[in-house]
Amino acid sequence: MNRRWIPSPVSLLIGAIIVLLSVGGYFLLQHNVDQQETSLLVSNTTDAGETASYALDGVITGLTSTADVVQLTNASPTQFLDYVGLSKSSEVLIRKVGDHYVVVASPIPAFQPGETLTGPALATVQLARGKEGVSGPVTTNGKLSNARFAVQVPPAPSGLYVYQQLAIPTHINLASVIGQAFSNLDAALYGPGPVRSANLLLSSTMKLPLASPTASTKVRIGGSNWTLVANARTPFVSGLASSGPLILLVMGLFIALIVGLTVETVQRRHRYAQALVDERTADLNASLRELKETQDALVRQERLSAVGEMASVIGHELRNPLAAVTNALFIVRGDLGEDLSQNAEKYLSMAERETSKAAVLADDLTAFVRPRELVNSEIDVPDLVDEVLSATPQPEHVQVDVEVAPCSLVGDRGQLAEVLTNLVTNAYQAMPDGGTVRLGAFCSNGSATFTVEDTGDGIQDDEMQRIFEPFFTTKNSGTGLGLAIVQRLVQAHGGQISLENAATGGVRATVVLPVKKKVTT
Amino acid sequence: MNSVLLADVLVVDDEEPIRTSVAQILRSAGYSVAEAADGQDALDMLESGSVSVLLLDIRMPRRTGIEVLQALDSPPNVILMSAYRFEGEDKRSVGHKVFSHLMKPVAPRQLLDEVRAAIDREDA
């Protein structure tokens, strides 16, 4: 089996699905957490903005009250100073004179009566319209910021304004201004206009601008809008909720690994078991096949043995009656003498001829089962071939090509002559219309090889399989014992015989015999 | 061996048709022939006289041809004539007492030649 670590497609697929699901779940959950975080930040920032708005609205309210007082007192500087003195306020009373704005009364040394307003203070007062208070430009030196407010004394246009300038530390603890509820926020409050450092009023941190994600909200101060920008010091969505996506992802990957490995293990076991089953099945099938073949061979052997035994018995039992008939015919012929009618001669001859054939059959039947004992002698191969060919006259129209190498072997001369005679006779009979028989013999590597090849029509494959079976014949006449006996004789010599269809279309018989050196009798 | 000559040939075969036909062929050829139906018969007859040629079947009741040969120390010229081969242990034990072996069916001409040869051998 292949031991290399190649994961199965199923376990890979299952692992991949779980990984995809957990990554998807991670992003989905993370998006949800982010949304929740953003939503909380926005709502906290808005709340903080509103709180800041309420807190700073007091300043505007104070200015408006003072403006009412100025109106009621007909803009008396003395009464103005009395009033602001009571409320310990730093408000300044301004009057517009032509294009200039001049200080009328001031409780603080920064503004002196008769002084003309310039810079941010002038810009702030110029913004004031009607009774609604406004805030002016914010300035900061990085440590201290100045916020400016102004309101026009009614009824407009009165030409009178109340102005207040507040100096506050730029960096403060925001919680002290807008309450503990927002201690989780880092926030920066910018004056009217764009969000930029020059416009910074105050912030809870030195690190500006604030890192993303931030939320911003408008803080309404009278008729002006300030901007509160905030971000979260620590995530609003905390604990399990915020780490949920990550936990999901990690657990998902872990589960993917475990499930993948489990599926892989199961798959591997299954594959191993399957391979084992396949192997065993193949073994079993091979064994069954072998058993079947052995059984077939045994049955065949048994059948041949039974057939042979019967043939032998019949062969022997035929011998005595044949002997009697042969003798009887001889006696009859002797008694009848020379003066036989043509008819009598014809049938007497027929009886003699057929009795001779029956005698040959009896010989074959006997020889098939129990080959004669080998009477071994040194045999000269060319000599043997000559003997066989001269004892087997070739039919008309049949040519015989002989190619024999001079060599010798040890064997039963009579039996080997019988083998070759049988093969040559078969070759002759295979070519009733003539042809060529090639007879070859040579010795090499301790064995002698004889080949007999004809140019007949050959033998069909299914017949070839059975060609050595006793009583199997392809001829019209014949006992079917010839090749069976030949095979027995060759095997008795420790040799082998094979038949095949040659390229010429005829049959080639090949006999290979060991060239034994020891002569036994 | 008894000196009384019973016949030229003693034909021993339990198969009556063979025994009688062989005897007839030999008589026609001029030989005197005695017949025995089995091995024991043959031994009994040889007690009382001698023959030139013993034509002997192998498989017979009472005594087989091989047993007959084993019982005879110096048998006459023996021609075995049987449906079975004469080989193996039989040949090793009594082969030296056998002149020749013929497989049935034997052509009558060959039989006559064989008997002639056996008698000529004795005469020689």
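Conventions we followed
- Residues numbered from 1 in each chain as written.
- Chains lettered and ligands numbered in written order.
- Predicted model: local features only at pLDDT ≥ 70, side-chain atom pairs only at ≥ 80, totals over all residues.
- Helix = DSSP H or I, 4+ residues; strand = E, 2+ residues; numbered from the N terminus.
- Contact = placed C-beta atoms within 7 Å.
- Nonpolar A, V, L, I, M, F, W, Y, C, P; charged D, E, K, R; others polar.
- Buried ≥ 20, exposed ≤ 12 C-beta atoms within 10 Å, placed from the backbone.
- Pairing = 2+ DSSP bridges.
- Axes fitted to C-alpha atoms, helices over the stretch in contact; angles between N-to-C directions.
- Left-handed = near helix turned anticlockwise from the far one by under 90°.

(A) Here's a closer look at the overall build of chain A. A tally of regular secondary structure across chain A gives 10 helices and 17 strands. Excluding contacts between residues fewer than 6 apart, the proportion of contacts in chain A whose partners are at least 24 apart in sequence is 66%.

(B) Looking closely at the interface of chain B and chain A. In this complex, chain B contributes 18 residues to the contact, which on the side of chain A involves 15 residues. For the side of chain B that touches chain A, the element with the highest residue contribution is helix 1 (residues 16-28) of chain B, accounting for 7 residues. When its residues are assigned to classes, the side of chain B that touches chain A shows 10 nonpolar, 4 polar and 4 charged.

(C) Looking closely at the pairing of strand 5 (residues 144-152) of chain A. All names here are of chain A. The element strand 5 is largely enclosed, with a buried count of 7 among its 9 residues. In this sheet, strand 5 lies alongside strand 3 (residues 134-135) in antiparallel orientation, the contact comprising 2 bridges. Its bridge partner lying in strand 5, Ser135 is registered against Phe149. Across 2 bridges, strand 4 (residues 139-140) lies against strand 5 in antiparallel orientation. Each bridged residue has a counterpart across the sheet, and for Thr139 the counterpart in strand 5 is Asn146.

(D) Expanded view of the pairing of strand 17 (residues 507-514) of chain A. Residues and elements named next belong to chain A. Of the two faces of strand 17, the one lined by Val507, Ala509, Val511 and Leu513 is fully buried and the one lined by Arg508, Thr510, Val512 and Pro514 carries no buried residue. Pairing of strand 15 (residues 447-453) with strand 17 involves 7 bridges; the strand directions are antiparallel. Counterpart to Ala448 in the pairing with strand 17 is Leu513. Where strand 16 (residues 496-501) and strand 17 come together, 6 bridges link them in antiparallel fashion. Looking at strand 17, one finds that Ser498 is bridged to Thr510. The hairpin formed by strand 16 and strand 17 contains 5 residues between the paired strands, and Gly505 there has a positive phi angle of roughly 105°.

(E) Summary view of the packing of helix 8 (residues 413-429) of chain A against helix 10 (residues 482-492) of chain A. Residue and element names in this part refer to chain A. Taken N-terminus to C-terminus, the directions of helix 8 and helix 10 make an angle of 145°; their axes are 9 Å apart at the nearest point. For the pair helix 8 and helix 10, the crossing hand works out as left-handed. Touching Gln415, Glu418, Val419, Asn422, Leu423 and Asn426 of helix 8 are Gly482, Val486, Leu489 and Val490, all from helix 10. Classifying every residue of the contact of helix 8 with helix 10 gives 5 nonpolar, 4 polar and 1 charged.

(F) Region of interest: the sheet that holds strand 2 (residues 33-36) of chain B. Residue and element names in this part refer to chain B. One open sheet accounts for 5 strands, arranged 2-1-3-4-5; its pairing is parallel. Unpaired on one side and paired on the other, strand 2 and strand 5 (100-103) mark the two borders of the sheet. Across the sheet, the mean angle from the axis of one strand to that of its neighbour is 25°, orientation sign disregarded. One ladder, built from 4 bridges, connects strand 1 (residues 5-12) with strand 2; its direction is parallel. Counterpart to Val9 in the pairing with strand 2 is Val33. Strands strand 1, strand 2 and strand 3 (50-56) of the sheet are contacted by helix 1, whose axis makes an angle of about 170° with strand 2.

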